[in-house]
Structure formats: structure tokens, C-alpha cells
Amino acid sequence: MIEVTWTINSFEKNTETGGIVRASWSVDATDGDYISGMAGVISFEPDPSNEAFIDFDSLTEDIVWGWIFLQEGQDPTENVGLVDKSGIEGILTGRIEEQRVIPVTTLVTNPF
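Residues numbered from 1 in each chain as written. Predicted model: local features only at pLDDT ≥ 70, side-chain atom pairs only at ≥ 80, totals over all residues. Heavy atoms only, no water.

## Examining the pairing of strand β3 (residues 34-43)
Now for step 1: Where strand β2 (residues 20-31) and β3 come together, ten bridges link them in antiparallel fashion. Opposite R22, over in β3, you have S43 as the bridge partner.
Now for step 2: Between β2 and β3, which follow one another and run antiparallel, lie two residues, and G32 among them has a positive phi close to 65°. (Pairing = 2+ DSSP bridges. Helix = DSSP H or I, 4+ residues; strand = E, 2+ residues; numbered from the N terminus.)

In C-alpha cells form, the structure reads like this:
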């Protein structure tokens, strides 16, 4: 069974407003000895004058994932840069399936 783990690795914040301007993320899919992963960075333009503004100290992981993931009903052509969670998980699953049919190799040092 393939296990998928999404991680928010780091943030960059505007020190004057406390708003997040960039977040880096990664995802790993594993199944026994097989692993595949991806990583990315997404940028934001926080506006402290907007009533929906959330400063760094008030963030939760769920809020940030909501900013990162393409939400159901959102048009990917109008929301360039948002992460298609199910699409990426499908790609990683496919990569693991490919690993199962490709012979496993390892790099060995030259014995001469």
C-alpha cells in the first residue's frame, strides 16, 4: 500500500507585516522499498489591509495547505502555481508502479 506524506518545509515571511510570502513543500510516496517524491515553492502576496489577512503567528497547517492546494472547482488555468494534490499523488503512484516492473539496480564502484 502506497503511503503519501505531504510536508511544509519552510516559510519566508515579511518581517514588517508578518505575512507569509513564500512556502516550500514536499511530498513523498512510499511502498516498502519503493519511493518517489516531489517538492516545490509557492509564493503569496499577503495584504495586511485585507480583512482575510492572517499573520504568521495565527497560521495553522490546514490554513497554509488551503493556500497551496488547488481547491475543487478552481480552474487551474486561472490559478497557475497552485498544487494539484490528487494529480501529483497520481504521478507519484505511477512512478512507484514503474519501479516495481523495472529491475532494481544499484551503483557499484569499479573493481579495477
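The structure having been displayed, the exposition proceeds.
## Some words on helix α1 (residues 61-68)
Now for step 1: Taken together, the buried positions of α1 are occupied by V64, W65 and I68. Take α1 and look down its axis: the buried residues cluster within an arc of 100°, on one side only.
Now for step 2: Contact partners of the buried residues in α1: β1 (3-13), β2 and β3. (Buried < 20%, exposed > 50% of the residue type's maximum accessible area, 1.4 Å probe, protein only. Arc of directions from axis to C-beta. Contact = heavy atoms within 4.5 Å.)

## Overview of the layout of surface pockets
Now for step 1: Estimates place the volume of the largest pocket at around 200 Å³.
Now for step 2: Lining the largest pocket are G19, I20, F44, E45, P46, D47, N50, A52, F53, I54 and W67. (1 Å grid on protein atoms, 1.4 Å probe; cavity = no way out; pocket = protein on both sides within 12 Å on 5 of 7 lines; lining within 4 Å. Points joined across faces, edges and corners; volume = space filled by probe spheres on them.)

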